[in-house]
Every structure is written in C-alpha cells, then in structure tokens.
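One-letter residues, chain by chain:
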Amino acid sequence: MVETSNGGILEEHEQVMSEIHRGCPPGFSGPCISKFTFCLPPLEKIQNIYMTKYRGKDFPPEIHADRRSHGETGSVQGEIDLDKDGDIVVPRRPLNRSCCLSIQHNITSSIPNVGLQVWRAELVLSDFVLHKIHTSSEFEGIVSLELGAGTGMVGVNLAHVAKTVFITEVWTSSEVEEVQGASLLLAADVIYSDDLTESFFKTLERLMSQGSEKVPNGAIADMNAEYRWSCISLSSSSRMLYLALEKRYNFSLDDLDVAANGYSCFQSYLKDADECESLEHDDSMPFFVGKPIDLTQIPQYVREYNRGNDIELWQIKYVRRKSPSQ
C-alpha cells in the first residue's frame, strides 16, 4: 500500500500513471509505443572532442560521413575545399541534429509494475549519459550495470559507447556474480519507499564492495579532489553509481506532515565530504559517500518532458577504511 497526497491509501492493484504519458490516448490500455526525440550537439562540439582525443590526427571516417549526411561541407581539419570549377566551397551552417528512440511501455500500471512506464528520472539520467557521451570519453569501452532499468532507455543510450551494458529490472542476489566486471552502475527512480530503498542499498553494498576491471577515466580523480580524500586514510571501491530520483511529496499518516517517501531513508545511507574528514581517526564500518550533481549544468537532450524541480541526480561511491597493513 502507498499513501496518496490526500492521506488516503493506494492499493497495489490500483493503477497509476507517469506524468510523461499524459499526452497518450485516453482510455488506452496495454502496451504503447512512443518515440522520444534526442537533440544532439552540433558536430563542431564532437569534432573538438575528437581533436583533443586524436591530437590533430585525421578523424575517423564516420565523422566525415556524418558531416556529409547532415549537409556540411569543407574539411574537418579546416583546410579550404574547392568545387569542380575551382571555386571555394563556403561551409553551410550546421543543421539541427536529432535522433529518435522508440520505447514500448504501458500508459498505466499497478504499483509493483511501475517499471513498465517511462518516468522523469529515467529521462534525466538519459540526459546525463548523453552529455557524458558527447563531451568526454569517460564512458567509452566500460562495462555497466543498470539496476531497476524499467524500459531500458538509459542502457540503450549508453550502449553506443560502452563495451557491455547489463540491463536489469527484477534483480536477484544470485545474479551478482555475473556482473563483477561492471565499473559503472546506473539507476533511476528506484527510491520511492523505505523498504525498497533499504533493499536497494543492500544490493549496492554487495556490488560496490568488490573491485572491477576498469574505472571510468578521471571520475575517481575528480571526486577525490573535490572531497579532499587525499588527506583521508580511506580506500574506496572503484565502482561508481549515478542515481536519478524524483522526490514525490505525499501526506504521511505516521508524521502527520508532507514528506517525500523513501527520500529521508535514502539520505540516511549517505555521508558527505565533511563527515568523511571527521572519520579520519574513526574505526567505523564502510559507508556510502554521495554528492548531488547540478542539473543546470546538464543540457536537456530529451525533448518530450519537463524536468520540474523535484528531480535529483547523485554520484555515489562506496568507501571502506584501509587496513593497518595498507
């Protein structure tokens, strides 16, 4: 059962609907296929990334082909191009670039089957993954695991550059061994009750307490600098989790006040930078460290939604103290 905004009780068999599906045909039941449009950055930005990566070498053939397919002329390296009459070819203004992804989903579902719908947190996490893909090589060639993937949109986007992406919805502890190579974990909209939040962090502890074969380039170095971990005698798992959540405010009968279900429980599992430094001489157990990501710095690549003010994106690591022998 789930408490509603007016203090009532929503039974698990009752139907709920994501705000993403409000434009779908009313009264429609069963699976529906929706097209989501992703705005892509101008090719100049991608070329700048390749320029840095290849250090002035020629770009891969697919970059040249992509320019021609979008009506762009001129050399990628900046040389002057001439037409068949010997006249200079003036580069055209870059066209707006976009692509579409078709997702099969339900318009409504019962509480246990909410993963059959598309939710805003999933779209925010997709924005973040696309931004990383278009502005860095951090996710190239990695092995990733998406927990509670629902329709799988995030994992599908990441699969363009990752080596392997495990997309899971119903998770069992016996499957943990199958994903030991995953260095990047992703999750969206898995925080909406205390019970589920507790189960989620138990699974995270099993997954993140062990090493992995590759760390996202620069991710740990950046996070260590920000949290000043170089001054703290701690060792941490190489796995990184990016988690998007939506704070859904409902009236709680227990507190007789408005609260976001599962959010307080979620925060209780996390420590911040100041708490890390205070644990320098403490013999505490391993713990999770989280920092919120500023969404104003993440462009909205997915067109078909409004972010609102209740979506958050978190970067989370699992930290354990070094043994005296280390």
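The structure presented is a predicted model; accordingly, all values stated were derived computationally and were not measured.

Novice: Which parts of the structure should I look at to understand the pattern of salt bridges?
Specialist: Pairing is possible between side chains that carry opposite charge, provided their charged atoms lie close to one another. In total, this model carries 7 salt bridges according to the counting rule given. Salt bridges sharing common partners tie together E19, R120, D189, E246 and R248.

Novice: Help me out: how do you make sense of the environment of V156 in this one?
Specialist: By the element assignment, V156 lies in helix 4 (residues 153–158). The exposure class of V156 is partly exposed, given its relative accessible area of 34%. Placed 11 residues apart in sequence, V156 and I167 show a C-alpha to C-alpha distance of 8.6 Å. Leave out the neighbours within four places in its chain, and V156 touches L101 and I167.

Novice: Just to check I follow, could you spell out the environment of Q117 for this structure?
Specialist: With respect to the helices, strands and loops of the structure, Q117 is situated in the loop between strand 6 (109–110) and helix 3 (120–135). The class of Q117 is buried, set by a relative accessible area of 1%. Placed 11 residues apart in sequence, Q117 and N106 show a C-alpha to C-alpha distance of 5.2 Å. The contacts of Q117, once residues within four sequence positions are left out, are V16, M17, S18, H21, H105, N106, I107, T108, S109, E122 and T151. There is a polar contact of 2.7 Å between the side chain of Q117 and the backbone nitrogen of S18.

Novice: Please clarify how the packing of aromatic side chains should be interpreted in this entry.
Specialist: Given two aromatic rings, one states the distance between the centres and the angle between the planes to describe the pair. In total, this model carries 10 aromatic pairs according to the counting rule given. Taken together, F200, F201, Y263, F266, Y269, F288, W314 and Y318 form an aromatic cluster joined through their ring pairs. In this arrangement the basic side chain of K247 is found over the ring face of Y263, its NZ or CZ atom lying 4.7 Å from the centre. Its guanidinium or amino end placed over the ring of F287, K271 lies 5.9 Å from that ring's centre, counting from NZ or CZ.

Novice: Sorry, what's going on with the nonpolar core here?
Specialist: One recurring pattern in soluble globular proteins: nonpolar side chains tend to sit buried together. Counting residues in each nonpolar core, the largest one holds 34 residues, and the members touching the most others are F36, L125 and Y242. Those elements that place two or more of their residues in this core are strand 4 (31–40), strand 5 (97–106), helix 3, helix 4, strand 9 (184–188), strand 11 (240–246) and strand 16 (311–321). Of all the elements, helix 3 adds the most residues to this core, at 8 residues. Other than its neighbours up to four places away in sequence, Y242 contacts L125, F128, E138, F139, L184, L185, L186, A187, I293, W314 and Q315.

Novice: Can you walk me through helix 3 in this structure?
Specialist: Helical geometry: 3.6 residues make up each α-helical turn, so side chains three or four residues apart lie on a common side. Taking 1.5 Å as the rise per residue, helix 3 with 16 residues should run 22 Å; its terminal C-alpha atoms sit 23 Å apart, in good agreement. The buried count for helix 3 comes to 15 of 16 residues, which makes it a mostly enclosed element.

Novice: Teacher, can you tell me more about the side chain of S144 here?
Specialist: Tracing the backbone shows S144 in strand 7 (residues 143–147). Only 3.1 Å separates the side chain of S144 from the backbone oxygen of L184, close enough to count as a polar contact. Setting aside chain neighbours within four positions, we find S144 in contact with L158, T164, V165, F166, A182, L184 and L186.

Novice: Hey, could you run me through helix 5 (residues 194–208) in this one?
Specialist: Taking 1.5 Å as the rise per residue, helix 5 with 15 residues should run 21 Å; its terminal C-alpha atoms sit 21 Å apart, in good agreement. Taken residue by residue, helix 5 has T197, F200, F201, T203, L204, L207 and M208 as its buried positions. All buried residues of helix 5 project into a common sector of 160° when viewed along the axis, lining one side. In helix 5, the exposed residues that point more than 90 degrees away from the buried face are D195 and K202.

Novice: Please clarify how the environment of A182 should be interpreted in this entry.
Specialist: Looking at where A182 falls in the secondary structure, it is placed in the loop between strand 8 (164–167) and strand 9. Its relative accessible area of 0% is what places A182 among the buried residues. Once the C-alpha coordinates of A182 and V165 are considered, the two residues, 17 residues apart in sequence, prove to be 8.3 Å apart.

Novice: I would appreciate a short explanation of the confidence of the model for the protein chain in the present structure.
Specialist: A low pLDDT score tells you not to read the predicted coordinates there in detail. With 63% of its residues at a pLDDT of 70 or more, the protein chain has an overall mean of 74. For the protein chain, the element scoring lowest by mean pLDDT is helix 6 (residues 219–227), at 44; strand 9 scores highest, at 96. In the predicted structure, residues 1–9 sits below a pLDDT of 50 and forms 26 contacts with residues beyond four places in sequence or in another chain.

Novice: For this particular structure, what's the right way to read unusual backbone geometry?
Specialist: A negative phi angle characterises most non-glycine residues, just as the trans form characterises most peptide bonds. Phi is positive for D189, which is not a glycine, with a value near 55°. When you line up the elements, D189 lands in the loop between strand 9 and helix 5.

What counts, and where the lines are drawn
Each chain carries its own residue numbering, running from 1 in the written order of its sequence. Reporting in this predicted model follows two pLDDT cut-offs: at least 70 for local features of residues, and 80 or more for side-chain atom pairs to be given and counted; totals over whole chains, interfaces and linings ignore these cut-offs and use all residues. Side-chain numbers here rest on the full set of heavy atoms in the structure, without hydrogens or water. In what follows, salt bridge is the name for a side-chain nitrogen of Lys or Arg lying within 4 Å of a carboxyl oxygen of Asp or Glu. Helix and strand assignments come from DSSP, with helices taken as H or I runs of at least 4 residues and strands as E runs of at least 2, each series counted from the N terminus. Burial status follows relative accessibility: with a 1.4 Å probe on protein chains alone, a residue under 20% of its type maximum counts as buried, one over 50% as exposed, and anything between as partly exposed. Any two residues whose heavy atoms approach within 4.5 Å are treated as being in contact. Any pair of nitrogen or oxygen atoms within 3.5 Å is treated as a polar contact; in protein, a donor-acceptor pairing is required on top of that, and neighbouring residues in sequence qualify only through side-chain atoms on both sides. Pairing of aromatic side chains here covers Phe, Tyr and the six-membered ring of Trp, requires ring centres within 6.5 Å, and sorts the geometry by plane angle: under 30 degrees stacked, over 60 edge-to-face, intermediate tilted. Counting as a charge over the ring demands two things of the Lys NZ or Arg CZ atom: a distance within 6 Å of the ring centre and an angle within 35 degrees of the ring normal. Grouping buried Ala, Val, Leu, Ile, Met, Phe, Trp, Tyr and Cys residues that are joined through side-chain atoms within 4.5 Å yields what is termed a nonpolar core. What a helix should span is 1.5 Å times the count of its residues minus one. Working note: the arc is built from the helix axis to C-beta atom directions. Each residue carries a pLDDT value, the predictor's own confidence for that position, ranging from 0 to 100.

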